[in-house]
Amino acid sequence: MLSDQQKIGVLLMGFGIFFTFFGVILFFDRGLLAIGNLLFLTGVCVGLGGRKTMNFFFQKRKIRGTTCFLFGIFLVITGWAFIGICVEAFGFINLFGDFFPVAFAFLKRMPIIGSFFNLPGVKQICDWLESTAVKASNNNNNID
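What this report covers is the structure whose coordinates are included nearby. Per chain, residues are indexed from 1 in the order of the written sequence. With the structure being a predicted model, the display of local features is reserved for residues of pLDDT at least 70 and the display and counting of side-chain atom pairs for 80 or more, all residues being used for whole-chain, interface and lining totals. By convention in this description, side-chain values take in all heavy atoms of the structure and omit both hydrogens and water.

**Some points on the side chain of Thr 66**
Tracing the backbone shows Thr 66 in helix 4 (residues 63-78). By definition in these notes, contact holds between two residues if any of their heavy atoms fall within 4.5 Å. Contacts of Thr 66, omitting those with residues within four sequence positions, involve Phe 57, Phe 58 and Leu 95. By definition, any uninterrupted DSSP run of H or I lasting at least four residues is a helix, any uninterrupted run of E lasting at least two residues is a strand, and each is numbered from the N terminus.

**Notes on the packing of aromatic side chains**
Classification of ring pairs rests on two measures: the distance between centres of Phe, Tyr or Trp rings, Trp counted by its six-membered ring, which must be within 6.5 Å, and the angle between planes, read as stacked under 30 degrees, edge-to-face over 60 and tilted in between. Within the structure shown, the criterion is met by 17 aromatic pairs. A ring pair is formed by Phe 71 and Phe 74, whose centres lie 6.3 Å apart and whose planes are at 25 degrees; its orientation type is stacked. In this pair, Phe 71 and Phe 74 are both assigned in helix 4, 3 residues apart and thus about one turn of the helix distant. A simple rule labels every residue: compare its accessible area, found with a 1.4 Å probe on the protein chains alone, to the largest value its type can have, and call it buried under 20%, exposed over 50%, or partly exposed in between. A residue is classified by how much of its surface remains accessible, and Phe 71, at 44% relative accessible area, is partly exposed. Given the relative accessible area of 48%, Phe 74 is considered partly exposed. A ring pair is formed by Phe 96 and Phe 99, whose centres lie 6.3 Å apart and whose planes are at 35 degrees; its orientation type is tilted. When its relative accessible area of 45% is taken as the criterion, Phe 99 is described as partly exposed. Put simply, the rings of Phe 40, Phe 56, Phe 57, Phe 69, Phe 92, Phe 96 and Phe 99 pair up and form one aromatic cluster.

**Some details on unusual backbone geometry**
Its identity is not glycine, yet Phe 27 carries a phi of approximately 60 degrees, on the positive side. Here Phe 27 shows up in the loop between helix 1 (4-25) and helix 2 (30-48). One non-glycine residue with positive phi stands out, namely Phe 28, at about 60 degrees. Mapped onto the elements, Phe 28 comes out in the loop between helix 1 and helix 2. On the basis of relative accessibility, which here comes to 26%, the residue Phe 28 falls in the partly exposed class.

**Brief notes about the packing of helix 2 against helix 3 (residues 50-57)**
Geometry is summarised by axes, namely lines fitted to C-alpha atoms with helices restricted to the contacting stretch, and by angles between N-to-C directions that run from 0 to 180 degrees. Two elements in contact, helix 2 and helix 3, have axes whose closest approach is 6 Å; the angle formed by their N-to-C orientations is 120 degrees. Of the possible angle classes, the one that applies to helix 2 and helix 3 is oblique. Seen from above, helix 2 lies across helix 3 with right-handed handedness. Listed contacts from helix 3 to Leu 41, Val 44, Cys 45 and Leu 48 of helix 2 are Gly 50, Lys 52, Thr 53 and Phe 57. Gly falls in the polar group here, along with every residue not listed as nonpolar (Ala, Val, Leu, Ile, Met, Phe, Trp, Tyr, Cys, Pro) or charged (Asp, Glu, Lys, Arg). Grouping the amino acids of the contact of helix 2 with helix 3 by side-chain chemistry returns 5 nonpolar, 2 polar and 1 charged. Working rule for angles: under 35 degrees goes down as roughly parallel, over 145 as roughly antiparallel, 65 to 115 as roughly perpendicular, anything else as oblique. Crossing handedness is defined as follows: a turn of the near helix away from the far one that is anticlockwise and smaller than a right angle gives a left-handed crossing, while the clockwise case is right-handed.

**Observations regarding the nonpolar core**
Take the buried residues of types Ala, Val, Leu, Ile, Met, Phe, Trp, Tyr and Cys, join any two whose side-chain atoms come within 4.5 Å, and each joined set is a nonpolar core. Among the nonpolar cores identified, the biggest contains 9 residues, and these are Phe 40, Leu 41, Val 44, Phe 56, Phe 57, Phe 69, Ile 73, Leu 95 and Phe 96. Examining the composition of this core, we find that 3 residues originate from one element, helix 2, more than from any other. With near-sequence residues (within four places) excluded, Phe 40 lies in contact with Leu 12, Met 13, Gly 16, Ile 17, Phe 69, Phe 92 and Phe 96.

**Details of a nonpolar patch on the surface**
Patch definition: residues with relative accessible area over 30% and no salt bridge; like charges joined within 9 Å; nonpolar side chains (Val, Leu, Ile, Met, Phe, Trp, Tyr) joined within 5 Å. Only the protein chains shown count as cover for residues, with accessible areas throughout obtained via the Shrake-Rupley method and a probe of 1.4 Å. Any Lys or Arg side-chain nitrogen found within 4 Å of a carboxyl oxygen on Asp or Glu counts as a salt bridge. Among the surface-exposed residues, Leu 11, Phe 15, Phe 18, Phe 21, Phe 22, Ile 25 and Leu 26 lie close enough to one another that they form a single nonpolar patch of about 690 Å² accessible area. Residue classification places Phe 22 among the partly exposed residues on the basis of a relative accessible area of 33%.

Have a look at this one:
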């Protein structure tokens, strides 16, 4: 079960994703994107704790993703919203790509969303994404 601190972290991350989504919908509104980024990072820090957050972001194999993610946030805050979101998305995929197979497996088991993920074309795409994520994860683990 989640502690109260972890619940607050999840809530902050959810608000961060919400503001980022609406910032993109509203033609890359710099203010909404900046608020979304700050809320997401705050949520990660509150949810995991300071030491675990630092250990996660500054692992040797994740430093490229961390650099791109933080540089993308810097670009968004300084006014280069579209380029910042692109760089940030690349960093996000590099940082959190190991979790995608778990997320897809979880979504496939959900009642309404699961039927969408089990449609013929979508299922093949998800299976391909899961297999490439597992291969990339195995390659990254062999490097260390």
